[in-house]
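# Report on the structure
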Amino acid sequence: MIPVNEPLLNGNEKKYLIECIDTGWISSEGPFIKKFEENFSLKTNRKYGVAVCNGTAALEIAVEALGITKGDEVIMPSFTIISCASAIIKSGAIPVLVDSDLNTWNMDVSQIESKITAKTKAIMIVHIYGLTVDMDPVLALAKKYNLKIIEDSAEAHGQTYKGKPCGSFGDVSVFSFYPNKLITTGEGGMILTDDDTIAEKLRSLRNLCFTAHKRFVHEELGWNMRMTNVQAAIGVAQLERWDESIARKREIGKLYTELLKDTKGIQLPLEKTDYCDNIYWVYGILLTDKSKNAEHTMKLLAEKGIGTRPFFYPMHLQPVLHKMGLYKSETYPNSENMYNYGFYLPSGLALTNEQIHEVTTILKEILI
Ligand SMILES: *Cc1c(COP(=O)(O)O)cnc(C)c1O
């Protein structure tokens, strides 16, 4: 079986983990956390990094820290992971959806302005699968209407928009370090910001809103979303291979494209746009031969030992959100097309070139 994702842990991960055990620092106290926060925020040109237990938690307190609450609206893509909608809904606000662009698979930014109302407080942008959202129009709208930007950069470690790092565009920007991401800590996440007050708020929210002056006296309610020193130890080791990992992701993507570019019936990821070169967080394909569909094709690949994942199931089709009375009569055709016909191939950093050859050979056989 060629797994859809296998992480690479071949640097100082083991050494730093042993250090955690030898020193007894295994909780959310310990030197690796600060180091990981500092090193990661440096990579993304941000003032503050606040490490948490996963990317979903990061989104939740990012929304909370901006003061988004009941009665507010936040604009976001329909085509993304549930964590995005979930974070907004849990704050009491309503996610307002836009469709995706069929070429870049990212949010169609030309649809945002028509969704802005007096209740809109923020735009949540999500960089999808390796290309970035077209940020300039989004930043212009945020300025014009005085909206906050929440940047979900969980799939865009090391990616840049017009030369500026992803993770540097939001009032709050969020990363995940799940094992399928470019940098992993097993489970983990981080929120980045340049704002002193927001950073302070985030630290408080992740740590039960303990007050500094009186232990066990609380002015507000928070969560325990702390990252452990053990997770951060892995993260620090992973960051040492930042450039290598980025280069390898691009190599994997380029080799897939090279091997698949003449294959009929599929749309490949764009190699670049006017504002970014694809970093191929995952190598997605979209079936253009509509006599096939993603589900069946993935099943045939699985029978041949190739692991795949479907594309996201759009938010406007989610049963849980319908039950809340949301989106029942809304349609976003590109997101639906992407779900029905899109999936991604093995894309992890441990993937070998031989495996990529095998995947593409089998895929081509199946698509005939
Ligand atoms: C992975 C991912 C998340 C969630 O991160 P977890 O660490 O798995 O909670 C959020 N947003 C996007 C776009 C992701 O790809």
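Residues numbered from 1 in each chain as written. Predicted model: local features only at pLDDT ≥ 70, side-chain atom pairs only at ≥ 80, totals over all residues. Heavy atoms only, no water.

### Focus on the nonpolar core
Formally: Buried Ala, Val, Leu, Ile, Met, Phe, Trp, Tyr and Cys residues that are joined via side-chain atoms within 4.5 Å together make up what is termed a nonpolar core. Note on exposure labels: buried denotes an accessible area under 20% of the residue type's maximum, exposed denotes more than 50%, and partly exposed covers the range between, all computed with a 1.4 Å probe on protein chains only. Where helices and strands are cited, they refer to DSSP runs of H or I of at least four residues and of E of at least two residues respectively, numbered from the N terminus. Each domain's extent was defined by an automatic or database domain assignment. Between two residues, a contact is recorded if the distance between any of their heavy atoms is within 4.5 Å.
Counting 74 residues, the largest nonpolar core has Met124, Tyr129, Ile150, Ile191, Tyr256, Phe343 and Leu345 as its most contacted members. It is helix α3 (residues 55-65) that contributes the most residues to this core, seven residues altogether. Three or more residues apiece are contributed to this core by two domains, here domain 1 (13-239) and domain 2 (242-367). Leaving out residues up to four positions away in the same chain, Tyr129 has contacts with Phe79, Trp105, Glu155, Asn278, Tyr280, Trp281, Val282, Phe311, Phe312 and Tyr344. Counting residues in each nonpolar core, the second largest holds 22 residues, with Cys20, Ala51, Met190 and Leu192 among its members.

### Here's the deal with the site of the ligand
What counts here: Whether a residue is near a molecule or strand depends on its heavy atoms: it is near if one of them lies within 4 Å of it. N or O atoms closer than or at 3.5 Å make up a polar contact, with two conditions inside protein: a donor-capable atom paired with an acceptor-capable one, and, for residues adjacent in sequence, both atoms drawn from side chains. Computed by Shrake-Rupley with a 1.4 Å probe, the accessible areas treat only the displayed protein chains as cover when residues are assessed. Each cavity reported here is a set of points on a 1 Å grid over the protein atoms alone in which a 1.4 Å probe fits but cannot get out, each pocket an open set with protein on both sides within 12 Å along at least five of seven lines, and each lining residue one with an atom within 4 Å of a point. Placement in a cavity or pocket follows one criterion, namely that more than half of the molecule's atoms lie within 2 Å of its grid points. The residue classification treats Ala, Val, Leu, Ile, Met, Phe, Trp, Tyr, Cys and Pro as nonpolar and Asp, Glu, Lys and Arg as charged. All others, Gly included, are polar.
Looking at the ligand, the residues that line it are Asn54, Gly55, Thr56, Ile81, Ser83, Val126, Asp152, Ala154, Glu155, Ser176, Lys181 and Gly188. One of the side-chain N or O atoms of Thr56 is found 2.6 Å from an oxygen atom in the ligand. Asp152 places a side-chain nitrogen or oxygen 2.7 Å from a nitrogen atom of the ligand. Computed on the free molecule, the ligand has an accessible area of 380 Å², of which 91% lies beneath the protein chains in the complex. Among the cavities detected, the one that contains the ligand is the largest pocket. Split by residue class, the shell around the ligand holds three nonpolar, six polar and three charged.

### With respect to the layout of surface pockets
Going by this rule: Grid points are joined across faces, edges and corners, and a volume is the space filled by probe spheres set on the points.
One number sums up the size of the largest pocket: a volume of about 570 Å³. In this structure, the largest pocket is lined by 32 residues; those nearest its centre are Ile81, Tyr178, Asn180, Lys181 and Trp281. When contributions to the lining of the largest pocket are tallied by element, the ones reaching two or more residues are α3, β8 (172-176) and β12 (309-310). Per-element tally for the lining of the largest pocket: the top contributor is α3, with three residues. Tallied by class, residues from the lining of the largest pocket come to 15 nonpolar, 11 polar and six charged. Both domains that furnish three or more residues to the lining of the largest pocket are identified here as domain 1 (13-239) and domain 2 (242-367). Of the voids in this model, the second largest pocket is the one considered here, and its volume is about 460 Å³. Going through the elements one at a time, α2 (31-43) and α6 (196-206) are the ones with two or more residues in the lining of the second largest pocket. By residue class, the composition of the lining of the second largest pocket is six nonpolar, five polar and seven charged.

### Some words on the domain arrangement of the chain
To keep things clear, this is the line we draw: Summed over both partners, the accessible area lost on bringing two parts together, with a 1.4 Å probe, is the buried area. We define a salt bridge as a side-chain nitrogen of Lys or Arg found within 4 Å of a carboxyl oxygen belonging to Asp or Glu.
Per the domain assignment, the segments of the chain are domain 1 (13-239) and domain 2 (242-367). Between domain 1 and domain 2, the C-alpha centre-to-centre distance is 24 Å. Between domain 1 and domain 2, the residue contacts involve 44 residues of the former and 42 residues of the latter. In this assembly, domain 1 packs against domain 2 so that about 3,700 Å² is buried in total across both faces, 68% of it on carbon and sulfur atoms. When the buried area of domain 1 at its contact with domain 2 is split by residue, Trp105, Tyr129 and Leu182 rank highest and sum to 21% of it. If you look at where domain 1 meets domain 2, you find zero salt bridges. Linking domain 1 with domain 2 are 17 residue pairs in polar contact (both at pLDDT 80 or more). Contributing elements (two or more residues each) for the side of domain 1 that touches domain 2: α2, β2 (73-77), α4 (82-90), β3 (94-98), β6 (160-161) and α7 (229-239). Looking at the side of domain 1 that touches domain 2 element by element, the count peaks at five residues for β3. Counted by class, the side of domain 1 that touches domain 2 contains 23 nonpolar, 13 polar and eight charged residues.

### Brief notes about α6
Convention followed: Taken from the helix axis, the directions to the C-beta atoms give the arc we talk about.
Turning to α6, its buried residues are Ile198, Ala199, Leu202, Leu205 and Arg206. Here the buried residues of α6 occupy an arc of 130° about the axis, which is enough to place them on one side. If you follow the buried residues of α6, they end up packed against α2, β1 (48-52), α3, β8 and β9 (189-193). Sitting at the amino-terminal end of α6 is Asp195, which places a side-chain oxygen 2.9 Å from the backbone nitrogen of Thr197. Once α6 ends, the next one or two residues include Leu208, with phi positive near 60°.

### A closer look at a nonpolar patch on the surface
Rules: What goes into a patch is any residue over 30% in relative accessible area without a salt bridge, connected to like charges within 9 Å or, for nonpolar side chains (Val, Leu, Ile, Met, Phe, Trp, Tyr), within 5 Å.
Side chains of Ile81, Ile82, Val320 and Met324 sit close together on the surface and give an oily, nonpolar patch of about 320 Å² of accessible area. Along the chain, the position of Val320 falls in helix α10 (residues 319-323). Taking the relative accessible area as the measure of exposure, Val320 reaches 38% and is therefore partly exposed.

### Details of the packing of aromatic side chains
For clarity, the cut-off: To pair, rings of Phe, Tyr and Trp, with the six-membered ring standing in for Trp, must have centres within 6.5 Å; the planes then decide the type, stacked if under 30 degrees apart, edge-to-face if over 60, and tilted in the middle.
This structure, assessed with the given rule, holds 22 aromatic pairs. With 4.7 Å between their ring centres and 45° between their planes, Tyr129 and Phe311 make a pair best called tilted. Placement of Tyr129 in the loop between β4 (120-126) and α5 (135-145) and of Phe311 in the loop between β12 and α10 is noted, with a sequence separation of 182 residues between them. Judged by its relative accessible area of 3%, Tyr129 is buried. Exposure remark for Phe311: the relative accessible area of 2% places this residue in the buried category. Note on Trp281 and Tyr344: the rings are 6.3 Å apart at their centroids and 50° apart in plane angle, and the pair reads as tilted. With a gap of 63 residues between them, Trp281 in the loop between β10 (266-267) and β11 (283-287) and Tyr344 in strand β13 (residues 342-345) connect regions that are remote in the sequence. Both residues of the pair, Trp281 and Tyr344, belong to the buried class.

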